[in-house]
Amino acid sequence: MTEPTSRKRPQLYGADYSVYVRIARLALLEKGVSHGLVPLDIFAKDERRDAHLARHPFGKIPALEHGDFHLYETGAITRYIDEAFDGPALQPADAKMRARMNQIISIADGYLYQQLVWGLYVECIEKPKRGETPDAGRVEKARDVALVSLAVLAGLLADQRWMCGDRLTLADLYLAPMIDYALEVKEFREMFAEHRNLGDWWQRITALDSFRETQPAP
Ligand SMILES: N[C@@H](CCC(=O)N[C@@H](CS)C(=O)NCC(=O)O)C(=O)O
């Protein structure tokens, strides 16, 4: 007799440095779901990465296995985690608030990941560490998008505790790992400091056990 999927421990494939892996882990931890992290360095270009294409044909991390149920794409994974397991709801029940959460997730996927993580963090922190020169044009574009993004997020947060009201949702979990990388860049820190409500929100984020537990290894 096979064990039902619901009783199996989910396994997440990915690396702790990955923003998207961290989002999925934050969701698992906030739901209190016991799970495993199977280490997979997607940039290693080795045979483990090749084998991973069977799990994720687009060659990205994370991928989730829950019994015989296999899933990739962080948006699908986090919503599945929220809906398939007990624990605090990570999506608002109210249609307008849920739409707002989905809007913030789209902003994170569509603009923040490329500009904050690749355009600012990788260009300004990672490249100099490797002895490479940042692409000034790339950084300038990222800075422009960062300015708009922070104004938008500060407006959406307003005087709420979390991005979508008084409860932590997937919107907060999406933003946190991206902003965490960008905050290593001095110029971004200065822009961020212009928005007091974002600073208060960030204190709440950094106080989460899940956030601390998923901090990438130095
Ligand atoms: N749309 C994917 C994006 C995942 C993604 O971009 N993951 C990055 C790591 S944070 C990755 O695997 N990059 C490898 C590559 O682009 O070759 C999702 O939502 O899961």
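Residues numbered from 1 in each chain as written. Predicted model: local features only at pLDDT ≥ 70, side-chain atom pairs only at ≥ 80, totals over all residues. Heavy atoms only, no water.

Visitor: Tell me what's going on with the overall build of the chain, and back it up with residues and numbers.
Guide: Along its length, the chain carries 9 helices and 4 strands. Mapped in sequence order, the helices and strands of the chain form the string β-α-β-α-β-β-α-α-α-α-α-α-α. Taking 218 residues into account, the globule formula puts the C-alpha radius of gyration at 17 Å, and the chain, at 18 Å, falls close to it. Looking at the chain as a whole, 46% of its 218 residues are labelled buried. Accessible area for the chain stands at about 11,300 Å²; split by element, carbon and sulfur atoms hold 52% of it. (Helix = DSSP H or I, 4+ residues; strand = E, 2+ residues; numbered from the N terminus. Rg over C-alpha atoms; globule rule 2.2 N^0.38 Å. Buried < 20%, exposed > 50% of the residue type's maximum accessible area, 1.4 Å probe, protein only. Areas by Shrake-Rupley, 256 points an atom, 1.4 Å probe, with all protein chains shown as cover.)

Visitor: Quick one: what's the story with the sheet that holds strand 1 (residues 11–14), residue by residue and with numbers?
Guide: Strand order across the open sheet formed by 4 strands is 2-1-3-4, with mixed pairing between neighbours. This sheet does not close on itself; its edge strands, each paired only once, are strand 2 (36–39) and strand 4 (69–72). Sheet twist, expressed as the average angle between the axes of neighbouring strands with direction ignored, equals 20°. Against the sheet, helix 1 (residues 19–31) makes contact with strand 1 and strand 2, and its axis sits at roughly 160° relative to strand 1, the strand it touches most. Along the sheet, helix 3 (residues 74–84) makes contact with strand 3 (63–66) and strand 4, crossing strand 4 at roughly 130°. (Pairing = 2+ DSSP bridges. Axes fitted to C-alpha atoms, helices over the stretch in contact; angles between N-to-C directions. Contact = heavy atoms within 4.5 Å.)

Visitor: Explain unusual backbone geometry residue by residue, including any values.
Guide: Of note, the bond from Ile-61 into Pro-62 is cis; its omega dihedral lies within 30 degrees of zero at 10°. With respect to the helices and strands, Pro-62 occurs in the loop between helix 2 (47–52) and strand 3. Of note, Glu-73 is a non-glycine position whose phi angle comes to about 90°, a positive value. A positive phi angle, close to 50°, is found at Ala-158, a residue other than glycine. Topologically, Ala-158 is positioned in the loop between helix 5 (136–157) and helix 6 (170–182).

Visitor: So, the domain arrangement of the chain: which residues are in play, and what are the values?
Guide: Each assigned domain of the chain is listed with its residue range as follows: domain 1 (5–84) and domain 2 (95–212). Of note, the centres of domain 1 and domain 2, computed from C-alpha atoms alone, are 22 Å apart. The partner domain 2 presents 19 residues to the 15 residues of domain 1 that form the contact. Between domain 1 and domain 2, the buried area comes to about 1,500 Å², and carbon and sulfur atoms account for 64% of it. Close ionic contact of Asp-180 with Arg-22 constitutes a salt bridge, the shortest N to O distance being 2.9 Å. Contributions of two or more residues to the side of domain 1 that touches domain 2 are made by helix 1 and helix 3. In terms of residues, the side of domain 1 that touches domain 2 owes the most to one element, helix 1, which gives 8 residues. By residue class, the composition of the side of domain 1 that touches domain 2 is 8 nonpolar, 3 polar and 4 charged. (Domains from an automatic or database assignment. Buried area = accessible area lost by both parts, 1.4 Å probe. Salt bridge = Lys/Arg side-chain N within 4 Å of Asp/Glu carboxyl O. Nonpolar A, V, L, I, M, F, W, Y, C, P; charged D, E, K, R; others polar.)

Visitor: How would you explain the packing of aromatic side chains if you had to name every residue and give the values?
Guide: The full count for this structure, using the stated rule, is 12 aromatic pairs. With centroids separated by 6.3 Å and ring planes inclined at 75°, the aromatic side chains of Tyr-20 and Tyr-174 adopt a geometry described as edge-to-face. Residue Tyr-20 is located in helix 1, and its partner Tyr-174 is located in helix 6; the two are separated by 154 residues in the primary sequence. Taken individually, Tyr-20 and Tyr-174 each receive the classification buried, so the pair is uniform in this respect. Sitting above the plane of the Phe-211 ring, Arg-22 keeps its charged end 4.2 Å from the centroid. One Lys or Arg, Arg-55, reaches over the ring of Tyr-13 and ends 3.8 Å from the middle of that ring. (Phe/Tyr/Trp six-rings, centres within 6.5 Å; stacked < 30°, edge-to-face > 60°. Lys NZ or Arg CZ within 6 Å of the ring centre and 35° of its normal.)

Visitor: Run through the nonpolar core, naming residues and quoting values.
Guide: If you look at the biggest cluster of nonpolar residues, it comprises 65 residues, and the most contacted ones within it are Met-163, Ile-179, Phe-188 and Trp-201. Counting only elements with at least two residues in this core, the list comes to helix 1, helix 3, helix 4 (95–129), helix 5, helix 6, helix 7 (186–193) and helix 8 (196–206). Per-element accounting of this core gives the leading share, 12 residues, to helix 4. Split by domain, this core shows at least three residues from each of two domains, domain 1 (5–84) and domain 2 (95–212). Contact partners of Phe-188, with chain neighbours within four places excluded, come to Leu-116, Leu-120, Ala-146, Leu-150, Ile-179, Ala-182 and Leu-183. (Core = buried A, V, L, I, M, F, W, Y, C linked by side-chain atoms within 4.5 Å.)

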